Every structure is written in C-alpha cells, then in structure tokens.
Amino acid sequence: MRSLLRNVHTEARPLDLVTVAESALLYLRPRLEAGGVEVLREGLEQPAWIAGDADQLQVAVSNLVRNALEALRGSADPRRVAVAIGRGPQGVELRIGDSGAGIPEGVIAGLPLITTKPDGSGIGLFVVRTTVDNHGGVLQFGTSPLGGAEVRLAFPPLQTP
Ligand SMILES: Nc1ncnc2c1ncn2[C@@H]1O[C@H](COP(=O)(O)OP(=O)(O)OP(=O)(O)O)[C@@H](O)[C@H]1O
Ligand SMILES: [Mg+2]
C-alpha cells in the first residue's frame, strides 16, 4: 500500500487550491445535502496558487470532506463543515473543520491505516498523508472552532519567476 502510493507520479503544475476545494465540495454536494450539512466557506473568493497535482489533491480533499461528513452522522443540529483557505506561516493553508465529536483519542497515534468505522478502511487519511508529503506540504490535526476535528494542510506557495 505504502509503496504503491509513494510511487505514484505527482504532477507539479500551477493549480488553484480553491478550485480543487470547490470541485471536492461539488462532488460531495448530494451527500452533504442529504446529511443536512451546512458548508461554511472562508477565503474561497480569491485564488490560492500552489504547484501540484490537481487530481491527487482533489482525492485528498474529498477524503477529508467525507470524513467531516461522516463525523456528523447522528450528531445534533447544526451540522457544519468549514472549508478555509488562506496564507499562513507554513505557506498556503487549507483547513477543513466540522462540528462533530473530534478525532477519537489514539487514532492520530495509530495512523496510518486505522479506522473506527464499521465500513471504514483507514485509507482516507493515509492518502491525505501521502499526497501532502508528495507536495512538500505539512499536515496537522487540531480542533475546529466548530467544536469537532480540524485538519490543516499547508503547501509551499507557487514561485512566480
Ligand atoms: N473529521 C473527523 N472527525 C472525527 N474523526 C475523524 C475525522 N476524520 C478522521 N477521523 C478518524 O480517523 C479515522 C481514520 O480516517 P480515514 O479517513 O483514514 O479512514 P476511515 O474514514 O475510517 O475509512 P475510509 O476513509 O477508508 O472510508 C476514522 O475512522 C475516524 O476515527
Ligand atoms: Mg475516511
């Protein structure tokens, strides 16, 4: 699994992280709506350029939004997911937060390939980890202002000649 994903060729083309995030949200929109989840956007009005592989990043971001959505299963209203993009100390930052119960203790330490879901595989965050590594980025887990988990990805900004 590890070598399979590590050997994936990663493009390094200019891409807008906002477009990637919006594509992931569009892809998951039916499930977000069916789950009664409100999506909050912050900083998605202007482009955020990095160098990378748009397809791989879209898979990674979709995995994170899907995790957020799944964390809201059975939780009380309001069910919210927040997607924020902006410049931070570590580069171009993408934050995905939710109003769920947070990542259970022990899961972070057990990564990768750990799951607490009956139908889960633990591949989601493994793909996220590998994709961030392939882009020279930083991955962090924390608490969202919404009360649940917040996953932060930071990438080197696109160097313009
Ligand atoms: N937003 C979140 N809120 C709460 N727990 C989370 C969140 N994201 C991840 N987790 C925890 O981390 C575990 C690993 O996540 P990961 O995406 O790797 O696998 P999975 O979601 O269980 O399965 P898969 O993604 O393969 O369907 C989850 O089972 C869950 O316990
Ligand atoms: Mg998952």
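Our subject is the structure that appears above.
Residues numbered from 1 in each chain as written. Chains lettered and ligands numbered in written order. Predicted model: local features only at pLDDT ≥ 70, side-chain atom pairs only at ≥ 80, totals over all residues. Heavy atoms only, no water.

(A) Main features of the nonpolar core. If you look at the biggest cluster of nonpolar residues, it comprises 34 residues, and the most contacted ones within it are L17, L32, I85, L94 and L153. Contributing elements (two or more residues each) for this core: α2 (17-34), α3 (54-71), β4 (79-88), β5 (91-98), α5 (123-134) and β7 (149-155). In this structure, L32 is in contact with L25, V37, V39, V65, L69 and V81, ignoring residues within four places of it in sequence. (Core = buried A, V, L, I, M, F, W, Y, C linked by side-chain atoms within 4.5 Å. Buried < 20%, exposed > 50% of the residue type's maximum accessible area, 1.4 Å probe, protein only. Helix = DSSP H or I, 4+ residues; strand = E, 2+ residues; numbered from the N terminus. Contact = heavy atoms within 4.5 Å.)

(B) Structural view of the pattern of salt bridges. Under the defined criterion, the tally for this structure stands at twelve salt bridges. R41 is the salt-bridge partner of E22, the closest N and O atoms lying 2.9 Å from each other. Residue E22 is located in helix α2, and its partner R41 is located in strand β2 (residues 37-42); the two are separated by 19 residues in the primary sequence. R152 is the salt-bridge partner of E150, the closest N and O atoms lying 2.7 Å from each other. Classification of E150 as buried rests on a relative accessible area of 8%. (Salt bridge = Lys/Arg side-chain N within 4 Å of Asp/Glu carboxyl O.)

(C) Examining unusual backbone geometry more closely. Note that the residue after D77, namely P78, is joined by a cis bond; omega there is -5°. Position of P78 relative to the elements: it lies in the loop between α3 and β4.

(D) Seen up close, the sheet that holds β2. Reading across the sheet, the five strands line up as β2-β4-β5-β7-β6 and stay open at both edges, with mixed pairing between neighbours. The two strands at the open ends of the sheet, each matched to only one other strand, are β2 and β6 (138-143). The average angle at which neighbouring strand axes cross in this sheet is 15°, direction not considered. Pairing analysis gives eight bridges linking β4 to β5, with the strands arranged antiparallel. Following the sheet pairing, V81 is matched in β5 by D98. In the packing of α3 onto the sheet, contacts are made with β2, β4, β5 and β7, and the angle to β5 comes to roughly 25°. (Pairing = 2+ DSSP bridges. Axes fitted to C-alpha atoms, helices over the stretch in contact; angles between N-to-C directions.)

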